[in-house]
Amino acid sequence: WLMSSICLSTSPSSSQGPPWSRFSHWIHSICVVTFDLELGQALEVLYPGDAILTSQEKANICYLAFPDSNNANNRDTKYHFRIRRSVSDLSSFQRSLLSNSPSNLPLHPQFLYGFVHFRQERDPSLPRGYYQKSVVLISLLPFFHLFSTVVEKIALGYFEMGEPAIEAGCHDMDQWGAPIAGHSYQLPIMGSVIQCRLPSSCDIPFIQMEGTIWKPSNGIIVLNSIYESDIYKNLQSVVRHIQLVWELVLTGEPLVVVGPSPTRTASIVQSLVAIISPLRYASDFRPYFTIHDSEFREYTGKSKHAARVILGVTNPFFVKALGHWPHILKVSESTDFDANEKQSENTRKHWDGRILDTKDGLFTQYKPFLHRDEQLIKKLSKDRPSSVHSSVLQRQLLELTQSFMIPLERYLTSLMPLRKEMSPFKSVPSIRPFVLDNFLSTLDGAGPSLTCGIKGDWSGLYRRFVISSSFADWLSSRLSSMTLQIKSVYVETLTQSPIDKEMLAQKHHVEIVDLVLRIRQRVVEMDSTSPKRTLLVDQIRNILNSVDSDLKCLLESNCALRDIIA
């Protein structure tokens, strides 16, 4: 495989570009982290050599590249982490991917993901008696199943052949076409080909099997999903309290997941972030977090209010450091179905360090706003394959989130200005402000319980939700979309309004000048090839031909306007 070069990527953008340009659309870099007796965990290899990482980013990657839970066995461990970036720039393809991907895809320009393949083997010839190294793939893109598969292929090659394997893997990835939402790919990597499709904002949720990896033959690896997780498998230990957990995530409550390995905590944290789909979880989350992280003090300080973040930790020290947090989920390594039967009917409302050391479970004094869906618990208690339970749970949570968001969407739509309120002689109308009490008054007889059948204090839950980062993120995104929609309708008003001499004769010169400048502003904002731009320019010419000569001369004296109508 080291000598082979497979160029099978299917993408509209396959032209040659600068060195590593196609690689950089998908991957930031590949790192090898080793243990140095004097330095501790140290960066041994960075590929490509010109990849830019700050000293703080390198330090975080090194510490997160090794599990911090004690285990003397020979083992390979795979997991992922998330760190803050020092910059937030994106390539044009990455910006397009962000705009056209599903709203719940956790892609954020201020964060990087690290996909780790760690190997530990006994080796008496080494001073510590162990060989310990990690291969880490760094990327902006949260394609968990895809990059876990890729880093495993590269790591296995590296542990056998050394650095040439990394170079070969990077060469293969530099043959990949640019990542475009909704497109299918055949991606060559280390003698194999990964078949996958990037998700799109137009996709129907959960239409694909979550994370299934299928290896039919001839080195072909088929990924049915590149990022969705098996929610039931990962959250099975807390499935009886799944609605409570859904409320915690929805409202951005601080939550720490204490587990035996980074593999376990990372999978749980990623599933927690996904359970409010299609809503995007906008607070910070760290699938794996250590005491060496640069934000350790910020997130573990004993202030009155814990940071609104979800942390996955394995070091027993966190049991003491985060014992004051309001919500703690402590889990074991087991994900067997039988573990579901051992769950307590109730959460643990009182705890101390000793209890946290010895007991698993959900530790919280949170009182849910909604009544438990007993029908869902009954469905999940049946003896069926995990994939079936996962499908049931995902669809139920999707319906719950959609039922919660529908009244908000309906109310926000009512704040839009009407088309009849638009006039070419007036500025672009604004969206009326979101007023919580006005929204809550719309719930009478039309609340979420009508669509999902779950009773409870929905108003109380909305009051809690509107102070969360996820609400602010959703509102900002919707307002941006609505503003573009209003501008589009306003442009239609400008182009379709019959502006003639008789109408202009009834207007003051100041009004006419304002009208022309408003149209000019819309022209400047539009692409030069847009048909609507041509209509707007024609409307300006029509106005100039319909006013008196003095005003026409005044308007044509504006250089910017002259350039447009030239």
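Cut-offs applied
- Residues numbered from 1 in each chain as written.
- Predicted model: local features only at pLDDT ≥ 70, side-chain atom pairs only at ≥ 80, totals over all residues.
- Heavy atoms only, no water.
- UniProt positions renumbered as here; feature names shortened; annotations may be inferred.
- Helix = DSSP H or I, 4+ residues; strand = E, 2+ residues; numbered from the N terminus.
- Buried < 20%, exposed > 50% of the residue type's maximum accessible area, 1.4 Å probe, protein only.
- Contact = heavy atoms within 4.5 Å.
- Areas by Shrake-Rupley, 256 points an atom, 1.4 Å probe, with all protein chains shown as cover.
- Pairing = 2+ DSSP bridges.
- Axes fitted to C-alpha atoms, helices over the stretch in contact; angles between N-to-C directions.
- 1 Å grid on protein atoms, 1.4 Å probe; cavity = no way out; pocket = protein on both sides within 12 Å on 5 of 7 lines; lining within 4 Å.
- Points joined across faces, edges and corners; volume = space filled by probe spheres on them.
- Nonpolar A, V, L, I, M, F, W, Y, C, P; charged D, E, K, R; others polar.
- Phe/Tyr/Trp six-rings, centres within 6.5 Å; stacked < 30°, edge-to-face > 60°.
- Lys NZ or Arg CZ within 6 Å of the ring centre and 35° of its normal.
- Parallel < 35°, antiparallel > 145°, perpendicular 65-115°, else oblique.
- Left-handed = near helix turned anticlockwise from the far one by under 90°.
- Salt bridge = Lys/Arg side-chain N within 4 Å of Asp/Glu carboxyl O.
- Expected span 1.5 Å × (residues − 1).
- Bend = angle between axes of the 7 residues up to and from the residue.

An unreviewed UniProt entry lists the protein chain under the name UDENN domain-containing protein, with Pristionchus fissidentatus given as the organism. Its UniProt record gives the protein chain the following Sequence similarities (unreviewed entry) comment, quoted word for word: "Belongs to the DENND6 family."

1. What about the overall build of the protein chain?
When helices and strands are counted, the protein chain shows 23 helices and 14 strands. Residues counted as buried form 50% of the 566 residues belonging to the protein chain. The long-range fraction of contacts in the protein chain, counting pairs at least 24 apart against all pairs at least 6 apart in sequence, stands at 72%. In the form shown here, the protein chain has an accessible surface area of approximately 26,300 Å², with 51% of it arising from carbon and sulfur atoms.

2. Focus: unusual backbone geometry
Residue Pro48 is bonded to the preceding Tyr47 through a cis peptide linkage, with omega at -5°. Following the sequence through the fold, Pro48 ends up in the loop between β2 (40–47) and α2 (55–64). A cis amide bond, omega 10°, links Ser277 with the succeeding residue Pro278. Turning to its location among the elements, Pro278 is positioned in the loop between α8 (262–274) and β11 (284–286). With a phi angle near 55°, Met190 is a residue other than glycine that sits in the positive phi range. Within the secondary structure, Met190 is located in the loop between β6 (184–189) and β7 (192–197).

3. Notes on the sheet that holds β2
Pairing within the open sheet is antiparallel, and its five strands lie in the order β2-β1-β5-β4-β3. Each edge of the open sheet carries a strand with a single partner, namely β2 and β3 (75–84). Sheet twist, expressed as the average angle between the axes of neighbouring strands with direction ignored, equals 25°. Both β3 and strand β4 (residues 111–122) contribute to a ladder of ten bridges, which runs antiparallel. Residue pairing in the sheet places Lys78 in a bridge with His117 of β4. This element, helix α4 (residues 144–161), spans β1 (29–36), β2, β3, β4 and β5 (130–139) of the sheet and lies at about 140° to β5.

4. Focus: the sheet that holds strand β10 (residues 255–258)
What holds strands together in a sheet is hydrogen bonding between their backbones, with the strands either parallel or antiparallel. The strand order across the open sheet built from five strands is β11-β12-β10-β13-β14, with neighbouring strands paired in mixed fashion. Every other strand in the sheet has two partners, leaving β11 and β14 (361–364) as the edge strands with one partner each. Neighbouring strand axes in the sheet, compared pairwise and without regard to direction, differ in orientation by 10° on average. As paired elements, β10 and strand β12 (residues 309–313) share four bridges and run parallel to each other. Considered in β12, the bridge of Val256 is made with Leu311. With respect to the sheet, α8 is in contact with β10, β11, β12 and β13 (327–330), its orientation differing from that of β12 by roughly 160°.

5. Comments concerning the layout of surface pockets
Taken as a whole, the largest pocket holds about 1,100 Å³ of empty space. Along the walls of the largest pocket sit 50 residues, with Pro102, Ser103, Asn104, Pro278 and Arg280 positioned nearest its centre. Of all the elements in the fold, those that place two or more residues in the lining of the largest pocket are α3 (92–100), β11, α14 (386–414) and α18 (469–496). No other element matches the eight residues that α18 contributes to the lining of the largest pocket. Counted by class, the lining of the largest pocket contains 24 nonpolar, 17 polar and nine charged residues.

6. What about the packing of aromatic side chains?
Within the structure shown, the criterion is met by 30 aromatic pairs. Considering the side-chain rings of Phe439 and Tyr462, the 4.9 Å spacing of their centres and the 85° angle between planes classify their relative orientation as edge-to-face. Here Phe439, found in helix α15 (residues 436–441), pairs with Tyr462, found in helix α17 (residues 458–465); they are 23 residues apart in sequence, far enough to count as distant. Each member of the aromatic cluster is reached from another via a ring pair, and the members are Trp246, Phe404, Tyr411, Phe434, Phe439, Trp458, Tyr462, Phe465, Phe471 and Trp474. A cation sits over an aromatic face here: Arg82 above Phe285, 4.0 Å from the ring centre. Residue placement shows Lys507 over the ring face of Phe425; its charged tip is 4.4 Å from the ring centre.

7. Quick notes on empty space enclosed by the protein
Counting across every chain of the model gives three cavities of 30 Å³ or more. Considered as a void within the structure, the largest cavity measures approximately 130 Å³ in volume. The greatest single-element share of the lining of the largest cavity, amounting to three residues, is contributed by α8. Here the residues of the lining of the largest cavity sort into seven nonpolar, five polar and one charged.

8. Thoughts on the packing of α18 against helix α21 (residues 531–544)
α21 packs onto α18 with a crossing angle of 40° between their chain directions and a minimal axis gap of 9 Å. Considered as vectors, α18 and α21 are oriented oblique to each other. The interaxial crossing formed by α18 with α21 has left-handed handedness. Residues Ser488, Val491, Glu492, Leu494 and Thr495 of α18 pack against Lys532, Leu535, Leu536 and Gln539 of α21. Across the contact of α18 with α21, the residue classes tally to four nonpolar, three polar and two charged.

9. Section: the pairing of β6
As paired strands, β6 and β7 are joined by six bridges and run antiparallel to one another. When the bridges of β7 are listed, Pro188 appears paired with Val193. Linkage of β6 to β7, two consecutive antiparallel strands, is achieved through a turn of two residues, within which Met190 is found at a positive phi near 55°.

10. Things to note about the environment of Arg541
Note on placement: Arg541 falls in helix α21. Under the relative-accessibility criterion, Arg541 is labelled partly exposed at 32%. Taking the C-alpha atoms as reference points, Arg541 and Ile565, separated by 24 residues in sequence, lie 7.1 Å from one another. The residues contacting Arg541, other than those within four sequence positions of it, are Ile565 and Ala566.

11. Some details on the pattern of salt bridges
Summed over all chains, the structure comprises 21 salt bridges. Between Arg463 and Asp437 there is a salt bridge; the shortest N-O distance is 3.4 Å. Residue Arg463 is found in helix α17, and its partner Asp437 is found in helix α15; the two are separated by 26 residues along the sequence. What makes Arg463 partly exposed here is its relative accessible area of 43%.

12. Some details on α14
Across its 29 residues, α14 extends 42 Å between first and last C-alpha, which sits within 8% of the 42 Å expected from 1.5 Å per residue. Taking the largest bend as the criterion, α14 deviates by roughly 30°, centred on Met405, and proline Pro407 comes between one and four positions later.

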